[in-house]
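Given next are the chains, with one letter for each unit.
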Amino acid sequence: MRTAALLFALLLAGGPAQSQESFVRPDCQPPIAPDPLSPDPLTARWYRRFWTGECNDLRGCRRGSPNWNEIVGQLLARSPPGARAEVLARACKLGPLIGHEWTRPSAVRRIDTGDLGRFNSTLKSAPDVLEGLARVEAQARAKIAGQR
């Protein structure tokens, strides 16, 4: 019992465990509230994969692109300077919405890897970045609500 309490205290204090801030791009960290500690380390590793593209021995994982940190950078690069702050805020908030659902166990998740590809295509093809973000957010919320 004492060991479990010590481990929990270390996790809360930012001890040996990796925090979300270590893998979410720095400019997305302030708009995103830190995640509560995941009760499932496997889910936490998949969530890290969503943001970074790193597999870290995840079975069935394809390393690399796309990953959300990269997608946010691409969206910012395509945005006019006057819209970048809003694009950043919306993209940084959209990441956890999609990422948390995608990392849920396959039996219950409503956003799968195919959806990630479709969302990325929508973002890339939208002539207006903010419009693309709005479309993807609406699609993601509909999927999470159980609407196909």
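Each remark here, short or long, concerns the structure printed above.
Structural notes, computed from the coordinates. (Residues numbered from 1 in each chain as written. Predicted model: local features only at pLDDT ≥ 70, side-chain atom pairs only at ≥ 80, totals over all residues. Heavy atoms only, no water.)

1. Some thoughts on the nonpolar core
So the rule is basically this: In plain words, nonpolar cores are sets of buried Ala, Val, Leu, Ile, Met, Phe, Trp, Tyr and Cys residues tied together by side-chain atoms within 4.5 Å. Each residue's exposure class comes from its accessible area (1.4 Å probe, protein chains only) as a fraction of the maximum for that residue type: buried when under 20%, exposed when over 50%, partly exposed otherwise. Strands are runs of DSSP state E lasting at least two residues, helices are runs of H or I lasting at least four, and both sets are numbered from the N terminus onward. For this analysis, residues touch if any pair of their heavy atoms sits within 4.5 Å.
Counting 32 residues, the largest nonpolar core has Trp51, Trp68, Leu75, Val87, Ile98 and Leu133 as its most contacted members. When contributions to this core are tallied by element, the ones reaching two or more residues are helix H2 (41-52), helix H3 (68-78), helix H4 (84-102), helix H5 (113-125) and helix H6 (129-144). Of all the elements, H4 adds the most residues to this core, at seven residues. For Ile98, the contacting residues outside a window of four places in its chain are Phe50, Trp68, Ile111, Leu116, Phe119, Val136 and Ala140.

2. Re the state of the cysteines
The criterion, for reference: Put simply, a disulfide is two cysteine sulfurs that come within 2.5 Å.
One pass over the full model with this rule turns up two disulfides. Put simply, Cys28 and Cys92 are joined by a disulfide, and their sulfur atoms are 1.8 Å apart. Between Cys28 and Cys92 the sulfur-sulfur dihedral comes to about -75 degrees; the bridge is accordingly left-handed. With a gap of 64 residues between them, Cys28 in the loop between helix H1 (2-12) and H2 and Cys92 in helix H4 connect regions that are remote in the sequence. Like Cys28, the residue Cys92 is buried in the burial classification. Numbered in order of appearance, the disulfide-bonded cysteines of the protein are paired 1-4, 2-3.

3. Here we look at the packing of H3 against H5
Put simply, the test is: Axes here mean lines fitted to C-alpha atoms, for a helix over just the part in contact, with angles spanning 0 to 180 degrees between N-to-C directions. Roughly parallel here means an angle under 35 degrees, roughly antiparallel means over 145, roughly perpendicular means 65 to 115, and every remaining angle is called oblique. Handedness of a helix crossing follows the sense of rotation of the near helix relative to the far helix, less than a right angle counterclockwise being left-handed and clockwise being right-handed.
At a closest axis distance of 10 Å, the pairing of H3 and H5 adopts a crossing angle of 15 degrees. The angle between H3 and H5 falls in the class roughly parallel. The chirality of how H3 crosses H5 is left-handed. Along its contact with H3, which presents Trp68, Ile71, Gln74, Leu75 and Arg78, the element H5 presents Asn120, Leu123 and Lys124.

4. Concerning the pattern of salt bridges
For the record, the criterion: Salt bridges are identified by distance alone: a Lys or Arg side-chain nitrogen within 4 Å of an Asp or Glu carboxyl oxygen.
A complete count under the given rule lists seven salt bridges for this structure. Close ionic contact of Arg141 with Glu137 constitutes a salt bridge, the shortest N to O distance being 2.9 Å. On the criterion of helical spacing, the pair formed by Arg141 and Glu137 is a turn pair, its members being four residues apart in helix H6. Judged by its relative accessible area of 47%, Arg141 falls in the partly exposed class. The class of Glu137 is partly exposed, set by a relative accessible area of 27%. Residues participating in the shared-partner salt-bridge network are Asp115, Arg118 and Lys143.

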